[in-house]
Amino acid sequence: LASNAPGIVHLYSDRQASLCGPEFLVRLEKGFHAPFLEKKRQVITELAEYTGEHPEEVERKCDLAGLKAVALWREKQPADENAVCRFYQENDFYLYELMKTEYNGDEEDLVREVLSLCSPGDRVLEYGGGCGTLSIALAEKGCRVTHLDLGGPLLDFAAWRFRRRGFKVRIHPLDEKAADLCG
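Fair warning: this is a prediction, and the values are worked out from it, not measured in the lab. (Residues numbered from 1 in each chain as written. Predicted model: local features only at pLDDT ≥ 70, side-chain atom pairs only at ≥ 80, totals over all residues. Heavy atoms only, no water.)

Student: I'd like to hear about the overall build of the protein, residue by residue, with values.
Tutor: In terms of helices and strands, the protein carries eight helices and five strands. Each helix and strand of the protein, placed in order from N terminus to C terminus, yields the pattern β-β-α-α-α-α-α-β-α-β-α-β-α. The globule rule puts the C-alpha radius of gyration for 183 residues at 16 Å, and the 20 Å found for the protein is more than 25% above it. C-alpha atoms of the protein, sized along the principal axes, occupy 65 × 45 × 35 Å. In the protein, which comprises 183 residues, the proportion classed as buried is 35%. Counting every atom, the protein has about 11,800 Å² of accessible surface; 52% of that belongs to carbon and sulfur. In the protein, 24 side chains carry a positive charge and 31 a negative one; their mean positions are 3 Å apart. (Helix = DSSP H or I, 4+ residues; strand = E, 2+ residues; numbered from the N terminus. Rg over C-alpha atoms; globule rule 2.2 N^0.38 Å. Buried < 20%, exposed > 50% of the residue type's maximum accessible area, 1.4 Å probe, protein only. Areas by Shrake-Rupley, 256 points an atom, 1.4 Å probe, with all protein chains shown as cover. Lys, Arg positive; Asp, Glu negative; His and termini not counted. Charge placed at Lys NZ, Arg CZ, Asp CG, Glu CD.)

What follows is the structure in structure tokens.
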């Protein structure tokens, strides 16, 4: 827009191009970029409030969480189910990775689909609920939610998120007994 160019060429991944007017950038900013940045700000602010870290540090950790996970996995080389469980219980990288997934909107279609299948008052068990993205959406809809995941940083953060919002989500740490019951 600042260049006063008469049009904008938008290139697509299939190598097609279309000529767009300046209003295209305005629609893109309002419809995609601004909402994404607001969601990212909200998520990072919430995680920073929980961890006590500066939001810039939280954003950095979110950006690097996937790389940290791979490096830790190579270092620890968990060899059995118990070692894998301990890996996720003893490290916080997954907290940052899942919150990045939340602000990127990677699970929005899944959440929307599950919500379409549930009604207020339904009892719902989220098995492997992570940081609580789906459980929060279900509780907002009025479902009676039980959130099940490995004990550790993710479950602690999810519980904090539920309390912060005033949701009465039942929380259960996954242990061997629960694993046998759930599959």
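Student: So what's going on with unusual backbone geometry? Which residues, and what values?
Tutor: Positive phi outside glycine occurs at Gln77, with the angle close to 45 degrees. Looking at the secondary structure, you find Gln77 in the loop between helix H2 (55–76) and helix H3 (81–90).

Student: Outline the sheet that holds strand E3 (residues 123–127), listing residues and values.
Tutor: Taken in spatial order, the three strands line up as E3-E4-E5 in an open sheet, and their pairing is parallel. What marks the edges here is a single partner per strand, and that holds for E3 and strand E5 (170–174). When the angles between neighbouring strand axes are averaged without regard to direction, this sheet yields 20 degrees. Summarising the sheet, E3 and strand E4 (residues 144–150) pair through five bridges and their orientation is parallel. Bridge pairing in E4 links Leu125 to Thr146. Contacts from helix H7 (residues 153–165) reach E4 and E5, with the element oriented near 160 degrees to E4. (Pairing = 2+ DSSP bridges. Axes fitted to C-alpha atoms, helices over the stretch in contact; angles between N-to-C directions. Contact = heavy atoms within 4.5 Å.)

Student: Tell me about the packing of helix H1 (residues 22–51) against helix H4 (residues 93–104), and name the residues and values.
Tutor: Interaxial distance between H1 and H4 falls to 8 Å at its minimum, and their mutual angle equals 155 degrees. In terms of orientation, H1 lies roughly antiparallel with respect to H4. The hand of the H1/H4 crossing is right-handed. Contacts from Phe36, Lys39, Lys40, Val43, Ile44, Glu46, Leu47 and Thr51 in H1 reach Leu95, Tyr96, Met99, Glu102, Tyr103 and Asn104 in H4. Looking at side-chain class alone, the contact of H1 with H4 contains eight nonpolar, two polar and four charged residues. (Parallel < 35°, antiparallel > 145°, perpendicular 65-115°, else oblique. Left-handed = near helix turned anticlockwise from the far one by under 90°. Nonpolar A, V, L, I, M, F, W, Y, C, P; charged D, E, K, R; others polar.)

Student: Report on the pattern of salt bridges, specifying residues and quantitative values.
Tutor: According to the stated counting rule, one finds 13 salt bridges in the structure shown. Between Glu46 and Arg165 there is a salt bridge, with its nearest N and O atoms 2.6 Å apart. In this pair, Glu46 is assigned in helix H1 and Arg165 in helix H7, connecting sequence segments 119 residues apart. We classify Glu46 as buried; its relative accessible area is 4%. Looking at Arg165, the relative accessible area reads 30%, which means it is partly exposed. The salt bridge involving Asp92 is made with Lys68; its shortest N-O contact spans 3.6 Å. With a gap of 24 residues between them, Asp92 in the loop between H3 and H4 and Lys68 in helix H2 connect regions that are remote in the sequence. (Salt bridge = Lys/Arg side-chain N within 4 Å of Asp/Glu carboxyl O.)

Student: For the nonpolar core, give the residues involved together with the corresponding values.
Tutor: In terms of nonpolar packing, the biggest core is built from 16 residues, with Leu47, Val58, Tyr96 and Phe157 touching the most fellow members. Of all the secondary-structure elements, those providing two or more residues to this core are H1, H2, H4 and H7. When residues of this core are assigned to their parent elements, the largest contribution, five residues, is made by H4. (Core = buried A, V, L, I, M, F, W, Y, C linked by side-chain atoms within 4.5 Å.)

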